[in-house]
Amino acid sequence: AQSVSQHNHHVILSEAASLELGCNYSYGGTVNLFWYVQYPGQHLQLLLKYFSGDPLVKGIKGFEAEFIKSKFSFNLRKPSVQWSDTAEYFCAVTSYNNNDMRFGAGTRLTVKP
Amino acid sequence: SAVISQKPSRDICQRGTSLTIQCQVDSQVTMMFWYRQQPGQSLTLIATANQGSEATYESGFVIDKFPISRPNLTFSTLTVSNMSPEDSSIYLCSVGQGRRETQYFGPGTRLLVL
C-alpha cells in the first residue's frame, strides 16, 4: 500500500545540536514532497516543499530537505536547532498516481534549552 | 498564502448531537479539503470540497456522517453528525489549487464528545 513513513516518533535534542528527521514514501512515479510544522498551540505551517529541480530544498527558519529518488526519501535537516524549534513535524506526499495528500505519522521534536 | 479561519475553535458536545464547523478563506480558492487529526495521530483526509459539485469522500468517510457544503469559492462547512466519543478530534480545513499542490491549513476545530 502507498504510504509515508516517519521513523522517529519523538526526538529530543539539546540546543545547537544537528537535526535530521527521516521521511520515506512508497509511491511510484512523480511525487511532490512537503514538510509541515505544527508549533505548540498553532496551526500547521508549510516548512518547505519539493516539486522538481534541485533536490536540495531550503525552507524557512534554516531548515532544508534533500530528495533522494533512489531511496524514496525526503529527510529534513537543520544544522543547529533552537529551543523555538520544539514542534511536531509532518512529512507529506502527493503523487500523480494518487490524488490526495498523504501525511506521515509525525515526529515530535523537543529541544532542551 | 491564504488566510484561513475556522469556527468554532473548540467545542464540547453531547453524544448524539451534531456540530457544524465553518471554514472561511480570505481569497477565492479552487479546492478545499477537510481533515481529521485524532489525538496523537497524523492527519487523515475526510473529503475534498469543490464549489458547485458534491464533495468527494475518502474511504471510511460517508456523507451521512460528514455532510459538507461549499456554497462559494471562499467558504465551506463540515458537519459532524450523530456524534460519539470516537469523533473527538481536531478537524482542519485546508485550501489549495489542486490535490497535488501545496495546501494551507486553518487553525483547526478541537472537538470533544462526551
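The coordinates are above.
What you are looking at is a predicted structure, and each value in this text was computed from that prediction instead of being measured. (Residues numbered from 1 in each chain as written. Chains lettered and ligands numbered in written order. Predicted model: local features only at pLDDT ≥ 70, side-chain atom pairs only at ≥ 80, totals over all residues. Heavy atoms only, no water.)

J.: Would you mind going over unusual backbone geometry with me for this structure?
T.: Trans is the prevailing form of peptide bonds, just as negative phi is the prevailing case for residues other than glycine. Omega for the bond connecting Lys7 of chain B with Pro8 of chain B falls within 30 degrees of zero, at -10 degrees, which places this linkage in the cis form. Secondary-structure assignment places Pro8 of chain B in the loop between strand 1 (4–7) and strand 2 (10–13). Unlike most non-glycine residues, Ala16 of chain A shows phi in positive territory, near 80 degrees. Structurally, the position occupied by Ala16 of chain A is in the loop between strand 2 (10–14) and strand 3 (19–21). Despite not being glycine, Asn82 of chain B shows a phi value in the positive range, around 45 degrees. (Helix = DSSP H or I, 4+ residues; strand = E, 2+ residues; numbered from the N terminus.)

J.: Is there a simple way to explain the state of the cysteines in this structure?
T.: Disulfides are covalent bonds that link the sulfur atoms of two cysteine residues. Tallied over the full model, the rule gives two disulfides over all chains. Here Cys23 of chain A pairs with Cys91 of chain A through a disulfide, and the sulfurs are 1.9 Å apart. As the torsion about the S-S bond is roughly -65 degrees, the Cys23 of chain A-Cys91 of chain A disulfide counts as left-handed. Highlighted residues: Cys23 of chain A in the loop between strand 3 and strand 4 (24–25) and Cys91 of chain A in strand 10 (residues 87–95), separated in sequence by 68 residues. In this pair, the class of Cys23 of chain A matches that of Cys91 of chain A, namely buried. At a sulfur-sulfur separation of 1.9 Å, the disulfide partner of Cys23 of chain B is Cys93 of chain B. Between Cys23 of chain B and Cys93 of chain B the disulfide shows an S-S torsion of about 70 degrees. By sign, it is right-handed. One end of the pair, Cys23 of chain B, is in strand 3 (residues 19–25); the other, Cys93 of chain B, is in strand 9 (residues 89–96), and 70 residues separate them in sequence. (Disulfide = S-S within 2.5 Å. Buried < 20%, exposed > 50% of the residue type's maximum accessible area, 1.4 Å probe, protein only.)

These figures come from the coordinates and say nothing about function on their own.
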